[in-house]
Structures are given as C-alpha cells and as structure tokens.
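What follows is each chain in one-letter form.
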Amino acid sequence: MKEDAKLNQQLGRAVWQLRNDMGLSVKDFATKIGQTEREVIAMEDGSKELTVKELAQIAEKTQRKINSQFS
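The rules behind these values
- Residues numbered from 1 in each chain as written.
- Predicted model: local features only at pLDDT ≥ 70, side-chain atom pairs only at ≥ 80, totals over all residues.
- Heavy atoms only, no water.
- Helix = DSSP H or I, 4+ residues; strand = E, 2+ residues; numbered from the N terminus.
- Rg over C-alpha atoms; globule rule 2.2 N^0.38 Å.
- Buried < 20%, exposed > 50% of the residue type's maximum accessible area, 1.4 Å probe, protein only.
- Contact = heavy atoms within 4.5 Å.
- Areas by Shrake-Rupley, 256 points an atom, 1.4 Å probe, with all protein chains shown as cover.
- Lys, Arg positive; Asp, Glu negative; His and termini not counted.
- Charge placed at Lys NZ, Arg CZ, Asp CG, Glu CD.
- Core = buried A, V, L, I, M, F, W, Y, C linked by side-chain atoms within 4.5 Å.

Undergrad: Even after reading the chapter, I still don't get the overall build of the protein, so can you show me in this structure?
TA: Looking only at helices and strands, the protein has 4 helices and 0 strands in total. Secondary structure of the protein in N-to-C order comes out as α-α-α-α. Its C-alpha atoms give the protein a radius of gyration of 12 Å, within 12% of the compact-globule value 11 Å for 71 residues. Principal-axis analysis of the C-alpha atoms places the extent of the protein at approximately 30 × 25 × 20 Å. When each of the 71 residues of the protein is scored for burial, the buried share is 28%. Of the contacts formed within the protein by residues at least 6 apart in sequence, a portion of 52% connects residues at least 24 apart. For the protein, the exposed area adds up to about 5,500 Å²; of that, 49% sits on carbon and sulfur atoms. If you average the places of the 12 positive and of the 11 negative side-chain charges in the protein, the two averages end up 3 Å apart.

As structure tokens, then:
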C-alpha cells in the first residue's frame, strides 16, 4: 500500500509540474484536460489514483508525451 501512495504522489508531482510548465492555473488546466478543479487538485496532491487512460488523455490534451521507466 505504501508503494501505491508513493507512486500517486510522484504522478501528482508530474501533473503539477506539467501545469506549472504550461503556466496554467488549476482552473485553466482543468478546462484544458476536461476535468474539474477539484479533480486536478486531487491529482496533484496524490489523493487521486490516476489510471493509464487518464494519463494518456492528459498527455493528448496537452500535446505532451508520456515517458516511463523502471529504476
């Protein structure tokens, strides 16, 4: 269970970084990716468990690619 929480936090940090790199507010980012502000906040703070499908949709709507790796 701890590993899931850690992964959620890492993914949340990546979403936060993406939003900030794009210079968007939570509201504007939520609109861009078709989510609510509350959902974006939950993604960013790691309390929402993101699915691969959701990550792919975020990447598509922000015209970004997903990079993944095992370490």
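Moving on, there is more to tell.
Undergrad: Before we go on, may I ask you to explain the nonpolar core in this structure?
TA: The tendency in soluble globular proteins is for nonpolar side chains to be buried as a group. If you look at the biggest cluster of nonpolar residues, it comprises 11 residues: V15, L18, V26, F29, A30, I33, V40, M43, L50, L55 and I58. Within the residue set of this core, elements represented by two or more residues are α1 (2-21), α2 (26-33), α3 (37-44) and α4 (52-61). In terms of residue count, the dominant contributor to this core is α2 (4 residues).

Undergrad: Sorry if this is basic, but what is going on with the environment of A42 here?
TA: Within the fold, A42 resides in helix α3. Here A42 falls in the buried class, since its relative accessible area comes to 18%. For A42, the residues in contact, after removing those within four places along its chain, are S47 and K48.

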